[in-house]
Amino acid sequence: MKQQMKPWQVRPIDPAVMRSLNHFSRGRRNAVRGVVGAVRQGTLDSKKIDSIRANHTEADMIAAATMLEAPNGLRKREIVGLVQSDIPPFHKLKAYAGPLEAAYACGFINAWKDQALLAIQAINRLSRLTEVPVAAAISELREFAETWGASSYLASKIVFADQFFDINEKEQKELATVIQMTGHSDDQTLHYTTLENIDAKFSIFIVAQRRANVFNDYVEGDFRRFYSLSDLVSTPVSNEDCGPFLLRAVCSSLIDTVRALWSIVNLKGRLPSVYAAIESNLDANIFDLLISCHDEVAALTEPKLLSVTESTHDSSSEDGHSLLLWRRSAAFLEFPSLCRYRNDIDCVVGYRLISPLLSEPPTWTGKKFNNFDTLKKPNGRFELSTHDSEDVSLDTFYRTYLFLRFIQDPMNLSLLSSEDVLQIFDSTMRLETLLLEPELKTMHLNASDEARALISVLALSLYRNKSSDPDIDFDFRESLVEFIIANFEGSIPKFIDNLAPSSSEVAHYILTSLDEVTLQKMYQIVKSPVEAENARREILTSIGRRLGKIEYIVEAQAIETRAKVAKLKSYFDASRMFVDSIAMKKWLSSNPSSCTELYKALLPTLSTHVSSPDSALTGTRNVKESDIVEFPDKDIYLVERIATEAFREFCVNNEFGIESYLGRRIRHNTLHGVMTQSVDTVLQMSEFNPIIKGTPFGEALKIWQHSFNVFIERMRKEFLQFRNDARPNALFNSEIDPSDTVTKRNLRQLLNTLNVSAPEMLDELIVTFCWGQIGPQLEAASSYIRVKMMQQMTQQLDQALQRFNGPEELKVKSALESVITSVFAQVASWFQAPQTGFVPASIVEICNIVDLEAGRQSTPTKVVGDRQNVKYFGLSVHRLYDCLAVLLGNAFKHGRPDSDVTVKVTTAPVQTTKLHALDVAVRSSLPIEGAKECIERMQAALGVSETGRDMVSEGFSGIKKVKFITRLNEGKSTVEVGVDGNDIEVRFRLKAEVVDEENGY
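If you're wondering where the values come from, they're calculated on a predicted model, not measured in any experiment. (Residues numbered from 1 in each chain as written. Predicted model: local features only at pLDDT ≥ 70, side-chain atom pairs only at ≥ 80, totals over all residues. Heavy atoms only, no water.)

Engineer: I'd love a proper account of the side chain of Ser 252, names of residues and values included.
Structural biologist: Residue position: Ser 252 is located in helix α13 (residues 239-252). Residues contacting Ser 252, with those up to four places away along its chain left out, are Arg 77, Leu 82 and Ile 87. (Helix = DSSP H or I, 4+ residues; strand = E, 2+ residues; numbered from the N terminus. Contact = heavy atoms within 4.5 Å.)

Engineer: Describe the sheet that holds strand β1 (residues 862-865), and please don't skip the residues or the numbers.
Structural biologist: A sheet is described by the order of its strands in space; here five strands give the open sequence β1-β2-β3-β5-β4, paired in mixed fashion. Every interior strand has two partners, whereas the edge strands, β1 and β4 (976-980), have only one. For this sheet the average axis-to-axis angle between neighbouring strands, irrespective of direction, equals 25°. The sheet contacts of helix α45 (residues 875-894) involve β2 (902-909), β3 (915-925) and β5 (983-993), and relative to β5 the element is tilted by about 175°. (Pairing = 2+ DSSP bridges. Axes fitted to C-alpha atoms, helices over the stretch in contact; angles between N-to-C directions.)

Engineer: Describe in detail the side chain of Asp 231, supporting the description with residues and values.
Structural biologist: Looking at the secondary structure, you find Asp 231 in the loop between α12 (227-230) and α13. Buried within the structure, Asp 231 lacks any salt-bridge partner; Arg 259 is the closest side chain of opposite charge, at an N-O distance of 5.3 Å. Leave out the neighbours within four places in its chain, and Asp 231 touches Ser 152, Asn 197 and Arg 342. (Buried < 20%, exposed > 50% of the residue type's maximum accessible area, 1.4 Å probe, protein only. Lys, Arg positive; Asp, Glu negative; His and termini not counted. Salt bridge = Lys/Arg side-chain N within 4 Å of Asp/Glu carboxyl O.)

Engineer: Residues and numbers for the state of the cysteines, please.
Structural biologist: Counted by the stated rule, this structure contains zero disulfides. Take Cys 770: it sits in no disulfide, and the sulfur closest to it among the cysteines is that of Cys 651, at 7.2 Å. (Disulfide = S-S within 2.5 Å.)

Engineer: Go over the environment of Asn 498, please, and point to the residues and values.
Structural biologist: One can find Asn 498 in helix α28 (residues 492-499). By relative accessible area, Asn 498 is classed as partly exposed at 44%. With ten residues separating them in the primary sequence, Asn 498 and Phe 488 have C-alpha atoms 9.0 Å apart.

Engineer: Outline the nonpolar core, supporting the account with residue identities and numerical values.
Structural biologist: Within the largest apolar cluster, 253 residues are counted, with the highest numbers of intra-cluster contacts made by Leu 74, Val 349, Phe 824 and Phe 831. By residue number, the principal contributor to this core is helix α42 (residues 762-800), which donates 15 residues. Leu 884, Val 901, Val 905 and Leu 926 belong to the second-largest nonpolar core, a separate cluster that totals 39 residues. (Core = buried A, V, L, I, M, F, W, Y, C linked by side-chain atoms within 4.5 Å.)

Engineer: An account of the packing of helix α6 (residues 113-126) against helix α14 (residues 254-266) is needed here, citing residue identities and associated values.
Structural biologist: Two elements in contact, α6 and α14, have axes separated by 10 Å at closest approach and are oriented at 65°. Overall, the two elements α6 and α14 adopt an arrangement that is roughly perpendicular. For the crossing formed where α6 meets α14, the hand is right-handed. Side by side, α6 and α14 meet where Gln 115, Ala 116, Ala 119, Ile 120, Ile 123 and Asn 124 of the first sit next to Leu 254, Ile 255, Val 258, Arg 259 and Trp 262 of the second. (Parallel < 35°, antiparallel > 145°, perpendicular 65-115°, else oblique. Left-handed = near helix turned anticlockwise from the far one by under 90°.)

Engineer: Just give me the short version of the pairing of β5, but keep the residues and values in it.
Structural biologist: In terms of burial, β5 is largely enclosed, as eight of its eleven residues are buried. Alignment of β3 against β5, held across eleven bridges, turns out to be antiparallel. By the bridge assignment, Leu 915 is partnered in β5 with Glu 993. Two strands pair when backbone bridges link them, and β4 and β5 are joined in this way by five bridges, in the antiparallel orientation. If you follow Asp 980 over to β5, its bridge partner there is Asp 983.

Engineer: How would you summarise the packing of helix α41 (residues 741-754) against α42 if you had to cite specific residues and measurements?
Structural biologist: Closest axis-to-axis distance for the α41/α42 pair is 10 Å, and the angle between their directions is 165°. In terms of their interaxial angle, α41 and α42 are classed as roughly antiparallel. Judged by the twist between their axes, the crossing of α41 over α42 is right-handed. Contacts between α41 and α42 pair Val 742, Thr 743, Asn 746, Leu 747, Leu 750, Thr 753 and Leu 754 from the former with Leu 762, Leu 765, Ile 766, Phe 769, Gly 772, Gln 773 and Pro 776 from the latter.

Engineer: Before we move on, can you summarise unusual backbone geometry with the specific residues and values?
Structural biologist: Glycine aside, residues mostly have negative phi angles, and peptide bonds mostly take the trans form. Phi at Asn 72 is positive, roughly 65°, even though this residue is not glycine. Relative to the helices and strands, Asn 72 resides in the loop between α4 (58-69) and α5 (98-111). Asn 72 sits in the partly exposed class, given a relative accessible area of 46%. Residues other than glycine seldom take positive phi values, yet Lys 76 does so here, at roughly 55°. You can see Lys 76 is positioned in the loop between α4 and α5. Residue classification places Lys 76 among the partly exposed positions, given a relative accessible area of 36%.

Engineer: Talk me through the packing of aromatic side chains; I want residue IDs and the actual numbers.
Structural biologist: Under the counting rule described, the total for this entry stands at 25 aromatic pairs. An aromatic cluster of three or more residues is present, and its members are Phe 160, Phe 164, Phe 165, Phe 332 and Phe 335. Sitting above the plane of the Tyr 104 ring, Arg 53 keeps its charged end 4.6 Å from the centroid. When the ring centre of Phe 332 is taken as origin, the NZ or CZ atom of Lys 157, which lies over that ring, is 3.7 Å away. (Phe/Tyr/Trp six-rings, centres within 6.5 Å; stacked < 30°, edge-to-face > 60°. Lys NZ or Arg CZ within 6 Å of the ring centre and 35° of its normal.)

Engineer: An account of empty space enclosed by the protein is requested, with residue identities and associated values reported.
Structural biologist: Evaluation of the coordinates by the stated rule reveals five cavities of 30 Å³ or more. Quantified by volume, the largest cavity comes out at close to 270 Å³. The wall of the largest cavity is formed by 20 residues, among which Ser 152, Asp 231, Ser 234, Asp 256 and Arg 259 lie closest to the centre. Put simply, the parts of the chain that give the lining of the largest cavity at least two residues each are α8 (152-164), α10 (189-198), α12, α13 and α14. Looking at the lining of the largest cavity residue by residue, the classes come out as seven nonpolar, eight polar and five charged. Space inside the second largest cavity adds up to approximately 120 Å³. Lining the second largest cavity are 13 residues, and of these Leu 588, Asn 591, Ser 593, Thr 596 and Glu 645 lie nearest its centre. Put simply, the parts of the chain that give the lining of the second largest cavity at least two residues each are α33 (581-590), α36 (634-652) and α42. Among the elements that make up the lining of the second largest cavity, the one with the highest residue count is α36 (four residues). For the lining of the second largest cavity, the class distribution of residues is six nonpolar, three polar and four charged. (1 Å grid on protein atoms, 1.4 Å probe; cavity = no way out; pocket = protein on both sides within 12 Å on 5 of 7 lines; lining within 4 Å. Points joined across faces, edges and corners; volume = space filled by probe spheres on them. Nonpolar A, V, L, I, M, F, W, Y, C, P; charged D, E, K, R; others polar.)

Here it is in structure tokens:
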């Protein structure tokens, strides 16, 4: 590691750098010389680099590249043997016009001529990766990695090989070695970012949304500063975009720069001025070799990017042919046809994915499309050879792409009939992510009442995703309410049945839009939170049955379970810090990152590795032994990344996070009202009126009151916020510091618990981790508000009134000091005790609930066994309730009347975790008549799949429900049945979180 030069030390400058000054134009030479002199006395930072690059001619850009990027240049570039940590995830440089940045890139490559020639040849060889046997392909990757090290280009090839080659164990170990050569064990961000871009397990729309949310405050109008954003749109979408595109490549590596120039050559007909700059500025030998290799690759058959099963698969989901080709083409942009296809989709879909980050409304560069009849074609199998032709066969994604091209012309958008809109919604995908607000408003304005209702649903879905203001969707919400009242007597279930969503996409819009938060705001037809819960449950059940989606039925039942368990305690305490943990868990399940998916896949083998490191590790879901053998710290890295991303959402998510709580407190003026009301009451007391009104004392109080109101505004805007560059004094921080003692302890606790858990428990354990992580921040904020802020305002009051010492004046001052102490204590109390939305309960309490619902207060269930009064927490309570409600209900209904029902509990703590392993048995007496049929019915239920379609058509209930719940918790069903004489016992096992007595959650 190079030692940092101190600012006052003289930095040695290579003579070649000084000679490169002569290559600048006269008008620039003195300015650059001054910057070089400043670099000699200090450090080279982004501002100085920008000063050297602030050129207006291609010749000056080449000179700047020579000075900065050449061997022994000011930036001290390394171009071979790179590791992932050598590639900066972002840069802060200003990008210039495409031809200027092309010249800069050429200057960089020209300065490394010999290496550039080798790089072009190496890329030429790797373009044939799919044509050679797997062993030979991995050998090529290894040779490339040995020479060049890490790059975005190599990462895309490695991910493609790892995900889509049929690799045996030996080859997997070899590929793991290649990954290690790129410094994977020290920094894995580049690899996992690329994995998310290419692998269909990760929704590219969710990936893009998550990254846009994370980097929104840092982009400053140029999304290509971050490679995780730039790689979402892996080709330049316009001449203007070429500058940032090329600068991102230069900042990454020589290999990525060569690949970027190769892409420009593939797109030269679309980017003529940028191509001309490359042609005129690139070294002649390098240019000739680049064109020669380009032509060789162009003559090859395109690589097969789909398996046989995928190429015949007709799907409306995210594994459709055209979408898979778009994502995987990023690994083979050397091929002109794939590069142009990728570019066509990038200009339309890719550009819309990053549109929230743009400082100005997007300018569409995709080709115009006006043939609406093509959009009405039935679904078929998309083929690359028919792309952009009239004979193209459409799958859902390609139809979406054509529709987005169609509405680039606002006139086309205004001509859509209601029938057209309904058909488009039913046959496209992810419009809530891809449409812009002005487009939705135009569609809403022009639609019939029936179509306007569906557009309102889509609009609500869009605003749920994009807006930080939960009230911005007011117009669309009101329009939908009026439509439901006028046509369906105010019945939301009738409205949903009328929409009759036959496609999963329309169902997705409905379920995303009409969540409980939105339903509660439909005040005219939803009168209470309970009605909102019931409406949401009916929507989920209706759509789940119509589409045969068991996950919707499960969610509907979860709402009912939550309501029943909440009888033990109020679900929402508005006076305390609140995060909707249930909504967060749902979000985590719906928005998995690459780290989450990989960790869930690895968890069974990681658990085996922990318990028996010498045992053979046979993975699940394509997990390979080398994943554990080669990367023993992978689980630590993955858990840290998962926790970091989840904690940020826990803090700043606008729907369920602490940010939404702070927003309500701030946006709806709760803070201002609480803090000023008591002060105003004192100042308006009639007994104080003579001493205040029209007196110098009163004037001094006005001055202090103004400063008090100013301080409240500071609290709103500066302190009760999450920290960033613009708010350095904010009391809360959404970032995780892995070196912090509390964080280390929480991460270790999380890791230990996960290693003995099923993958399905990951999300709820992450929620528990987040509460443990935010605890110290809440305590610190509460203390700061109650002590330091209160003292500051009390001191300001003293200073304002220090010359007034009469008895009546001191009486006013004393009253004000008292209310100041009180109001700051009240605000501080908001941040003291977390209320998670989960209700802790013991087995005894859960059984009491079931007894009450069944009307068995006179013959309550007997609970026996050890630790029967231990309180469980989180969704573990919901699981236990669901299981016990089913088994006890069966015992009450089918057992001998008036006989005792006993629940036996055996529980043992799982070491180093907050889990207990529970064995629960429900014992009851068999009926006098029909005992045999009862046993046969029970055994039949145990013998069928708990995930079959009958779970939807016949209802998510009974023994199959208990099997389903325990399978999610333990990885397989743990339900067993035993008969002992006249008694029958149904047992199940699962792990459950126990209440943290120290923190109260």
